[in-house]
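Here is how the chains run, residue by residue.
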Amino acid sequence: MGIRSFAADLLPSALQGRPRLPTVTTGQTPAEVNTFAELADKLGYLGKSDLKKVRDAYKFADQAHLGQFRASGQPYITHPIAVASLVADWKLDAQAIMAALMHDAMEDCGITKVELIERFGAPTAELVDGLTKLDKLQFSTRAESDAESFRKMLLAMSRDVRVILIKLADRLHNMRTMAAMAVNKRSRIARETLDIYAPIAHRLGLNQTYRELQELSFAHINPWRHAALEKAVLRARGYRRDIVTRVQDDVGKAFVHNKMKAEVSGREKTVYSIYRKMREKHAGFAQVSDIFGFRIVVPTLPECYLALGVLHQLYKPVPGRFKDYIAIPKPNGYKSLHTTLVSPLGTAVEFQIRTEEMHAVAEAGIAAHWLYKVGRDANPGDVAQRLGALWLKSLLDIQDETRDAAEFLEHVKIDLVPDAVYVFTPKSKILALPRGATPVDFAYAIHSDVGDHCVAAKINGEASTLRAELRSGDVVEVLTAPGARPNPAWLNFVRTGRARSKIRHYLKNMELEESQALGHKMLSQALRAEGLTMPAREPAAGEPPSIWPALLRWSGNRTQAELLIDIGLGKKIATIVAKRVAQSLREQGQKPDAVMLSMGRYGHDENTPAQGLVVIDGAEGASVSLAPCCRPIPGDDIVGYLGRGEGLLVHTADCQIGKRLYERDPERWMQVEWSEEPTRSFETAITVLMRNSKGVLAQVAQAVSSAEADITHIDMGDEAVGETAEMRLLVSVRDRLHLADVLRTLKRNPTVLRAQRVRP
């Protein structure tokens, strides 16, 4: 639906008389702090010595930013002061306030980390460094720079959570004051905020910050929709004011009648949350009834459940709309009882019931531990670190497996999904996973070894597929096998960044190991053709020095393993490397072995591919693959194409695609042959033309099965079925003789007009 029709459907008059680009408004914004005197008024919780350090940091930042101005025309120092004010609202310590004041000093003013350590100490300097973007000149693209800077910040956050709190305050102030920027820049920053920073705030439990970042982002990304919805909400507020007043009065009287102390407050949902609900339910504004919600704050935890009973006696609950986040808290520490009731006017109204401390955590998350630190012996920073420990640990795990910054950012985005399901291990341990998670995600959440060796799963005691979607309350049991390993197809359905990074890391390592083994085999065979054997890495006493250091300098590789991997992947040609080895050995006075040389050259002619023989038995793994165009099987004449960085690709000798590759790149072809005893079956494609009659598909399947072959895929095409139909099958066979048996069995069926192998 277009923006105009969407808005018009919401509110016919919403856009009348508006300018071409509407003014973005997001409700009541707190008064901005612009001077250090205003900031100092908020720092009464700090001691005199700490306040002096903060003042020194302000003077240093003021001097560093002297002469710099923001896009709005204000002196630049007003931004660090405002960020420090937001950090002070969370009652963070002096080091965090100082870092907030100087967070742009290294990036924009050329101040070094060493200088900050000398002036303000290592902890403050580390915080500032964690907030500083990397030099954009080091990277080829902006996306690469942003991804690497984001990775640096998150890894700094995993060491000290104050880094991300200061960054969120910085982003929140930037979002509040973005009106002076260019439209395209506003949209880019708002999209990044909505995709990354708002979910991080939610993950850390800072719900108030999360809601405001979402609302501001939506206002800048879709200003017309935001304006239309905001006006609709204003009108609905007038229509439904009587509902709020009546419900609040009824609930207040019910608690007084039951002699319970409770604070009842009504709240209005944000414009963005209403918009998202409309998108999810494919509904218009009029169909979204729960625009208002109510919060009940009681003194103690047992009273939360008593309050729930009072509400359910007052109004009827909506079935299936009760959630107990006290018994099973959200991953970010959020605790509340949620219930939806039917109001006297027939509308659904949501209630949240919690204690005062739960409310503080619900609104401020990790920052709530600084707010409540007075009178506690425990270091609030340690408590906060424990609250986010699981997610921070998952970041470090992903970092260990993923060296590419863009891939790391992709995994973290996946892990920032706010919706969660709660599942149980057979020993009743609770695990929180993102919505849509599968048993494979569950297996990797337990331990990477469990995920790597996972073969099957049981959900609630019943066998299930590994791609089944888990639901809250499921009891999941993972079955493992010692010889099992991750399947590349798992990447199509896993949801957690941890599982995705572990699978990719395992497959990458497996591919490198197999490529190294293939490269070793190919280089050994190429050396045999030169009458040589593979030179030792460490020669015995009395022998000439190893040629490997010089060979690695020539090839540009750091290690012997890396050179062999490059040969196995086709990045380097084994015969060329072998000739270089032969030259180096000749320079040392070594001569080829005459017997080996004659054996290596025996039968070699100009029509034979240039490289040594490789035997294919079906167990080669990722380094050797069979071409999908011709799908060779044992018994076919085959040749191997060593693609650049793709490993060895095996074609049939008569494959037209393979012949075109040979004409273009003849030096990359090598001799391959089938093993006498292949280790598995091989897929090949056949077409079957048949008369269209009842049960014909079952007859074809029966014929293939009677020939002891398996059908792995069936394709009927998109054409309408007439008197005849053509079917393309992928069948798994042992060799050409087995395939011939399958085709003969099919042709015996009277409904089959033609059955033949597919040739490219």
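As shown above, the structure is provided for reference.
Residues numbered from 1 in each chain as written. Predicted model: local features only at pLDDT ≥ 70, side-chain atom pairs only at ≥ 80, totals over all residues. Heavy atoms only, no water.

Caption draft 1: Looking closely at the overall build of the protein chain. Looking only at helices and strands, one finds 30 helices and 19 strands in the protein chain. Considering the protein chain as a whole, with its 760 residues, one finds that 48% of them fall into the buried category. Within the protein chain, contacts between residues at least 6 apart in sequence are counted, and of these 68% link residues at least 24 apart. With an accessible surface of roughly 37900 Å², the protein chain has 51% of that area assigned to carbon and sulfur atoms. (Helix = DSSP H or I, 4+ residues; strand = E, 2+ residues; numbered from the N terminus. Buried < 20%, exposed > 50% of the residue type's maximum accessible area, 1.4 Å probe, protein only. Contact = heavy atoms within 4.5 Å. Areas by Shrake-Rupley, 256 points an atom, 1.4 Å probe, with all protein chains shown as cover.)

Caption draft 2: Structural context of the side chain of Arg-354. Position of Arg-354 relative to the elements: it lies in strand β5 (residues 348-355). Assessed through its relative accessible area of 1%, Arg-354 is described here as buried. Among the polar contacts listed, one links the side chain of Arg-354 to the side chain of Ser-336, at a separation of 2.7 Å. Apart from residues no more than four positions distant in its own chain, Arg-354 is found in contact with Arg-295, Ile-296, Val-297, Val-298, Cys-304, Tyr-334, Lys-335, Ser-336, His-359, Ala-362 and Glu-363. (Polar contact = N/O pair within 3.5 Å; in protein donor to acceptor, adjacent residues only side chain to side chain.)

Caption draft 3: Structural context of the environment of Glu-356. Within the secondary structure, Glu-356 is located in helix α16 (residues 356-364). Taking relative accessible area as the criterion, Glu-356 reaches 55% and is therefore assigned exposed. As a C-alpha pair, Glu-356 and Pro-299 span 57 residues in sequence and 6.6 Å in three-dimensional space.

Caption draft 4: Focus on the environment of Lys-747. Within the fold, Lys-747 resides in helix α30 (residues 736-747). You can call Lys-747 exposed: its relative accessible area is 51%. Note: C-alpha distance between Lys-747 and Val-688 (59 residues apart in sequence) is 9.1 Å.

Caption draft 5: Broad picture of the nonpolar core. Residues Leu-39, Val-54, Leu-101, Met-102 and Leu-116 are the most contacted members of the largest nonpolar core, which totals 72 residues. Not counting residues within four places of it along the chain, the set of residues in contact with Leu-101 comprises Leu-39, Val-54, Ala-57, Tyr-58, Ala-61, Pro-80, Ile-81 and Ala-84. Within the second largest apolar cluster, 51 residues are counted, among which are Leu-563, Val-624, Leu-729 and Val-752. (Core = buried A, V, L, I, M, F, W, Y, C linked by side-chain atoms within 4.5 Å.)

Caption draft 6: Structural detail: helix α5 (residues 94-101). Of all eight residues that make up α5, seven are buried, and the element is covered over most of its length. Inspection of α5 places Ala-94, Ala-96, Ile-97, Met-98, Ala-99, Ala-100 and Leu-101 among the buried residues, and these make up the whole buried set. On its buried side, α5 packs onto α2 (36-41), α3 (48-64), α4 (78-89), α7 (113-120), α8 (122-131) and α10 (162-176).

Caption draft 7: Examining the sheet that holds strand β8 (residues 454-459) more closely. With antiparallel pairing, the three strands of this open sheet are ordered in space as β9-β8-β10. In the strand order of this sheet, the two ends are held by β9 (462-464) and β10 (476-480), each with one partner. Across the sheet, the mean angle from the axis of one strand to that of its neighbour is 35°, orientation sign disregarded. By the bridge criterion, three bridges tie β8 to β9 in an arrangement that is antiparallel. When the bridges of β9 are listed, Lys-458 appears paired with Ala-463. Sitting on the sheet, helix α21 (residues 439-446) is in contact with β8 and β10, with an inclination near 80° to β10. (Pairing = 2+ DSSP bridges. Axes fitted to C-alpha atoms, helices over the stretch in contact; angles between N-to-C directions.)

Caption draft 8: Summary view of the sheet that holds strand β3 (residues 323-324). An order of β1-β2-β5-β4-β3 is seen for the five strands of this open sheet, with the pairing classed as mixed. The sheet is open, and its two edges are formed by β1 (263-268) and β3, each paired on a single side. One ladder, built from two bridges, connects β3 with strand β4 (residues 337-342); its direction is antiparallel. By the bridge assignment, Lys-323 is partnered in β4 with His-338. Strands β2 (292-298), β3, β4 and β5 of the sheet are contacted by helix α15 (residues 301-314), whose axis makes an angle of about 160° with β5.

Caption draft 9: A look at the pairing of strand β16 (residues 682-691). Taking burial as the measure, the ten residues of β16 include eight buried ones, the bulk of the element. By the bridge criterion, ten bridges tie β16 to strand β18 (residues 724-733) in an arrangement that is antiparallel. Paired with Ile-686 across the strands is Leu-729, a residue of β18. Note: β16 against strand β19 (residues 752-757), five bridges, orientation antiparallel. Across the sheet, the residue bridging to Leu-689 is Arg-754, located in β19.

Caption draft 10: Representation of the packing of α8 against α10 within the structure. Running from amino to carboxyl end, α8 crosses α10 at an angle of 55°, the nearest separation of the two axes being 9 Å. Compared by their axis directions, α8 and α10 come out oblique. In this structure, α8 meets α10 at a crossing whose hand is right-handed. The residues of α10 that touch α8, namely those facing Leu-127, Gly-130 and Leu-131, are Arg-162, Val-163, Ile-166 and Lys-167. Looking at the contact of α8 with α10 residue by residue, the classes come out as four nonpolar, one polar and two charged. (Parallel < 35°, antiparallel > 145°, perpendicular 65-115°, else oblique. Left-handed = near helix turned anticlockwise from the far one by under 90°. Nonpolar A, V, L, I, M, F, W, Y, C, P; charged D, E, K, R; others polar.)

Caption draft 11: Spotlight on a nonpolar patch on the surface. A surface patch of nonpolar side chains, about 240 Å² in accessible area, is lined by Leu-697, Ile-714 and Met-716. Among the structural elements, Ile-714 can be located in strand β17 (residues 710-715). Residue Ile-714 is classed as partly exposed on the basis of its relative accessible area of 37%. (Patch = residues over 30% accessible without salt bridge, like charges linked within 9 Å, V, L, I, M, F, W, Y side chains within 5 Å. Salt bridge = Lys/Arg side-chain N within 4 Å of Asp/Glu carboxyl O.)

Caption draft 12: Examining the packing of α7 against α8 more closely. Their axes nearest at 7 Å, the elements α7 and α8 cross at an angle of 145°. The chirality of how α7 crosses α8 is right-handed. When α7 is examined against α8, the residues Lys-113, Leu-116, Ile-117 and Phe-120 are found in contact with a partner set consisting of Ala-122, Thr-124, Ala-125, Glu-126, Val-128 and Asp-129. Class assignment of the residues belonging to the contact of α7 with α8 gives a composition of six nonpolar, one polar and three charged.

Caption draft 13: The arrangement of the pattern of salt bridges in detail. One pass over the full model with this rule turns up 16 salt bridges. Residue Glu-192 is joined to Arg-171 by a salt bridge in which the shortest nitrogen-to-oxygen separation is 2.9 Å. On the criterion of sequence distance, the pair formed by Glu-192 in helix α11 (residues 183-203) and Arg-171 in helix α10 is long-range, its members being 21 residues apart. Assessed through its relative accessible area of 23%, Glu-192 is described here as partly exposed. Through salt bridges with shared partners, one network takes in Lys-113, Glu-126 and Asp-129.

Honestly, it's all geometry; don't read function into it.
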